[in-house]
Structure formats: C-alpha cells, structure tokens
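Overview (structure and organization)
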Amino acid sequence: MDLVDRIETTRFLGGEFLLWLWFSRDVLDGVLEIPGQGVVEVALESTLLLVDPLADKERVNIRGLDPLGSLEAEQALLRGKLPRKVGLRFTFEQSEWVAQLDAASLALSGVKLPALLSEGEEEHFHERMRLLEQLHDLVQGLYRHFLSVRLAPRWQAALLPAMREWLRGELLDSTAYEALHAPAAATKRRRKAK
C-alpha cells in the first residue's frame, strides 16, 4: 500500500478526532491533559462543519457563539455526520490561540496568535514562528493522545458506547472518563493491585 492509499484509508480518523475532542470538552469542561506537555484548555467555537462520511455533499454548516450546543449540531451527529472543520480556541501557559482545524488534513487556518511581546521586526518574526510551532505541537499532542486511546482495546468496548450515550444526552463523569483514557500499563497495574 503506497502513502496516498494509506492517507485515504485513514482520513476518517480526523473526524473521529474532532468528535472525541468535542466529547472530551463536554466531560472535562474543556480542560485536557496532554501527556508529556501539560494542561490545555480547549474551546470549540464559532464555526462547525459536519459532513456525512459516506455522502460528502450532505453537509451542515453552523456559525455562531456556540455552534456545538445547537440543535442542528445535535441532529447532524445523530444522523451520523462527523465534524469536518471546527473553530477552536486553545489556552496554554497563559497564551491563547484561535484557529480552524480541518479534520481531513489536520491543517490549521485562520490562526490568530497570542499578543506578541517582542520588539523589532526580526524578534516579531521569531516569536510568531515559536507561537505557531507551539500551536502545532498542541494539536499534534492532542492527536497523539487521541490515537493512543483510539487504538486501545477499550475504544470499542467502553469509550465508543460512552460517546454514544453522550450523543443521547447522558454525560460520562470525569472519573470514568479518566479511567477510560488512562494508559494501558496503568490500567493493568490497577487490576493487579485489586
């Protein structure tokens, strides 16, 4: 299988990633731990595009202060649509970024950086590059965390059913969420300790 085929056969993961991010935001009030990086606050806002993965032309585009809380978004999810593009606000270490994330490519667009503190044109450039790299690292860290959860056996057994219940209006508590997202080695240690 060549690289293009591998990309096409795993493209659905971007939509699942955004759905998991939405679910995580609801359960944890937007405060997520990125292993090895720290705590990031994630708000999904302003723009939401939901697409049927089997019929790309069936789309629901919602704009506003809280598109995720809208009846249209809820109905689209219940009909099997997945997020394709979403507006995000990241707060990390007292800095805040706003961007749109495309599920198909994980590309960021419309990025608004935190206020620049440096003076001088060259320093501004280097600070902007550092802030863009930091945002890239946050998104990659969240995606890496999602993949570790997605590829674990408990995805099918426990997390997917919890997400289905969330779609029906029943929210998982944060303790159960943390248990489902704990690294596999930690879960095995807890079972042995019992």
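All values derive from a computational prediction rather than experimental measurement.

**Remarks on a negative patch on the surface**
Taken together, the side chains of Glu 119, Glu 121, Glu 122 and Glu 123 present a region of like negative charge at the surface. Its location among the elements puts Glu 121 in helix H4 (residues 121-150).

**Structural notes on the packing of helix H2 (residues 12-28) against H4**
Two elements in contact, H2 and H4, have axes whose closest approach is 10 Å; the angle formed by their N-to-C orientations is 95°. When the interaxial angle is binned, H2 and H4 end up roughly perpendicular. On H4, the residues touching Phe 12, Leu 13, Glu 16, Phe 17, Trp 20 and Leu 21 of H2 are Val 139, Leu 142, Tyr 143, His 145, Phe 146, Leu 147 and Arg 150. Class assignment for the residues of the contact of H2 with H4 results in ten nonpolar, one polar and two charged.

**Quick word on the pairing of strand E6 (residues 108-112)**
Bridge count between strand E5 (residues 95-102) and E6: three bridges; the pairing is antiparallel. What sits directly across from Gln 100, in E6, is Ser 109. Between the end of E5 and the start of E6, which pair antiparallel, lie five residues, with Leu 106 showing a positive phi angle near 60°.

**Some points on helix H3 (residues 71-78)**
Buried within H3 we find Ala 73, Ala 76 and Leu 77. Each buried residue of H3 sits inside an arc of 100° when the element is viewed along its axis, so together they form one side. Those residues of H3 that are buried are in contact with H2, strand E2 (38-51), strand E3 (59-64) and helix H5 (154-167). Trailing H3 by a residue or two, Gly 80 shows a phi angle of about 95°, which is positive.

**A closer look at the packing of aromatic side chains**
Under the defined criterion, the tally for this structure stands at nine aromatic pairs. Ring geometry for Phe 23 against Tyr 177: centres 5.9 Å apart, planes inclined by 45°, an arrangement best described as tilted. Placement of Phe 23 in helix H2 and of Tyr 177 in helix H6 (residues 174-181) is noted, with a sequence separation of 154 residues between them. Each member of the pair, Phe 23 together with Tyr 177, is buried. Ring pairs connect the aromatic residues Phe 17, Trp 20, Tyr 143, Phe 146 and Trp 155, which therefore count as one cluster.

**Quick notes on the pattern of salt bridges**
Following the criterion strictly, the structure yields six salt bridges and no others. In this structure, Asp 26 and Arg 25 form a salt bridge, with 2.5 Å as the shortest nitrogen-oxygen distance. Judged by relative accessible area, Asp 26 falls into the partly exposed class, the value being 23%. Arg 168 is the salt-bridge partner of Glu 165, the closest N and O atoms lying 2.8 Å from each other. According to the relative accessible area criterion, Glu 165 is partly exposed, its value standing at 31%. The network of salt bridges with shared partners includes Glu 45, Arg 89 and Glu 96.

Criteria and cut-off values
Residues numbered from 1 in each chain as written. Predicted model: local features only at pLDDT ≥ 70, side-chain atom pairs only at ≥ 80, totals over all residues. Heavy atoms only, no water. Patch = residues over 30% accessible without salt bridge, like charges linked within 9 Å, V, L, I, M, F, W, Y side chains within 5 Å. Areas by Shrake-Rupley, 256 points an atom, 1.4 Å probe, with all protein chains shown as cover. Salt bridge = Lys/Arg side-chain N within 4 Å of Asp/Glu carboxyl O. Lys, Arg positive; Asp, Glu negative; His and termini not counted. Charge placed at Lys NZ, Arg CZ, Asp CG, Glu CD. Helix = DSSP H or I, 4+ residues; strand = E, 2+ residues; numbered from the N terminus. Axes fitted to C-alpha atoms, helices over the stretch in contact; angles between N-to-C directions. Parallel < 35°, antiparallel > 145°, perpendicular 65-115°, else oblique. Contact = heavy atoms within 4.5 Å. Nonpolar A, V, L, I, M, F, W, Y, C, P; charged D, E, K, R; others polar. Pairing = 2+ DSSP bridges. Buried < 20%, exposed > 50% of the residue type's maximum accessible area, 1.4 Å probe, protein only. Arc of directions from axis to C-beta. Phe/Tyr/Trp six-rings, centres within 6.5 Å; stacked < 30°, edge-to-face > 60°.

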